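# An overview of the molecular structure
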Amino acid sequence: GAGVSQSPSNKVTEKGKDVELRCDPISGHTALYWYRQSLGQGLEFLIYFQGNSAPDKSGLPSDRFSAERTGGSVSTLTIQRTQQEDSAVYLCASSETRANYGYTFGSGTRLTVV
Amino acid sequence: AQTVTQSQPEMSVQEAETVTLSCTYDTSESDYYLFWYKQPPSRQMILVIRQEAYKQQNATENRFSVNFQKAAKSFSLKISDSQLGDAAMYFCAYRSYLNQGGKLIFGQGTELSVKP
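Moving on: the interface of chain A and chain B. The interface of chain A with chain B comprises 27 residues on the first partner and 21 residues on the second. Carbon and sulfur atoms supply 45% of the area that chain A and chain B bury against each other, a total of about 1900 Å² over both sides. The tally of links between chain A and chain B comes to zero salt bridges. At the boundary of chain A with chain B, the tally comes to nine residue pairs in polar contact (both at pLDDT 80 or more). For the side of chain A that touches chain B, the elements supplying multiple residues, two or more each, are β4 (31-37), β5 (43-50), β8 (88-95) and β10 (109-113) of chain A. Residue composition of the side of chain A that touches chain B, grouped by class: 11 nonpolar, 13 polar and three charged.

Below, the discussion takes up the sheet that holds strand β6 (residues 65-69) of chain A. Residue and element names in this part refer to chain A. One open sheet holds the four strands; their spatial order is β1-β3-β7-β6, and the pairing between them is antiparallel. Each edge of the open sheet carries a strand with a single partner, namely β1 (5-7) and β6. Recorded for the sheet is a direction-independent mean angle of 15° between the axes of neighbouring strands. Pairing geometry for strand β3 (residues 19-24) and strand β7 (residues 75-79), over five bridges, is antiparallel. Of the residues in β7, the one forming a bridge with Arg-22 is Thr-76.

All right, on to the nonpolar core then. Core analysis: the largest hydrophobic core is formed by 26 residues, its most contacted members being B:Tyr25, B:Trp36, B:Phe75, B:Leu77 and B:Tyr90. Here the element with the most residues in this core is strand β10 (residues 88-96) of chain B; it accounts for four residues.

With that settled, consider the side chain of A:Thr109. Among the structural elements, A:Thr109 can be located in strand β10. What A:Thr109 contacts, discounting residues up to four positions off in sequence, is A:Gln6, A:Ser7, A:Pro8, A:Ser9, A:Lys11, A:Leu21, A:Ala88, A:Val89, A:Tyr90 and B:Arg43.

Conventions and cut-offs
- Residues numbered from 1 in each chain as written.
- Chains lettered and ligands numbered in written order.
- Predicted model: local features only at pLDDT ≥ 70, side-chain atom pairs only at ≥ 80, totals over all residues.
- Heavy atoms only, no water.
- Contact = heavy atoms within 4.5 Å.
- Buried area = accessible area lost by both parts, 1.4 Å probe.
- Salt bridge = Lys/Arg side-chain N within 4 Å of Asp/Glu carboxyl O.
- Polar contact = N/O pair within 3.5 Å; in protein donor to acceptor, adjacent residues only side chain to side chain.
- Helix = DSSP H or I, 4+ residues; strand = E, 2+ residues; numbered from the N terminus.
- Nonpolar A, V, L, I, M, F, W, Y, C, P; charged D, E, K, R; others polar.
- Pairing = 2+ DSSP bridges.
- Axes fitted to C-alpha atoms, helices over the stretch in contact; angles between N-to-C directions.
- Core = buried A, V, L, I, M, F, W, Y, C linked by side-chain atoms within 4.5 Å.
- Buried < 20%, exposed > 50% of the residue type's maximum accessible area, 1.4 Å probe, protein only.

Here it is as structure tokens:
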């Protein structure tokens with residue numbers, strides 16, 4: 001596609017429920033990143049996929065968070081047993097193999113846990 | 001580990017005036033990239049300007065320019081002839097040249113308001 005597409009745009013869920021956030025990167029981009037932006041904060045790295053390599057999961061805050069990338073394209077970020085502190089904007093970005101020119105970001109999913 | 005610091009949570013500028021946003025970073029690496037991103041209310045991060053650490057010349061993109069001081073580990077963004085559309089959150093970011101894949105490390109952001 002022309003840009004990075006994220007869905008849903010907004011998600012309200014009850015505490016304890018599982019949620020799935022989707023990211024559709026730019027066609028041909030081999031690298032895909034997930035970031036979390038809490039209210040008034042900068043972007044916190046979560047996970048990074050590069051081609052067929054093992055993902056860099058070093059930023060995932062707990063084992064309730066997981067992500068996969070199927071066929072080197074679409075990625076899903078799953079949060080199990082959501083907590084109120086998970087409320088944030090989740091941003092996805094993609095880039096060519098070497099992100100020398102930065103990433104292209106999606107518009108994010110605003111997750112609210114009530 | 002690398003860190004990025006933006007010490008100005010908020011800045012304000014009069015339309016048509018010039019404003020400078022500050023960014024400092026800490027790294028032991030000699031080769032890296034630095035970026036400024038703009039985040040309007042739409043939430044989508046937009047790349048404003050990038051700088052390669054091995055280049056001494058400061059990057060310029062139209063009304064946006066940087067003052068890159070490698071020894072001081074400083075990377076400020078200057079916006080000239082400010083426009084209402086420049087109002088947004090601005091994030092400074094660092095990327096290692098070789099390590100950490102393509103992961104960007106972001107500062108906390110500076111919220112810029114433009115007064116008509």
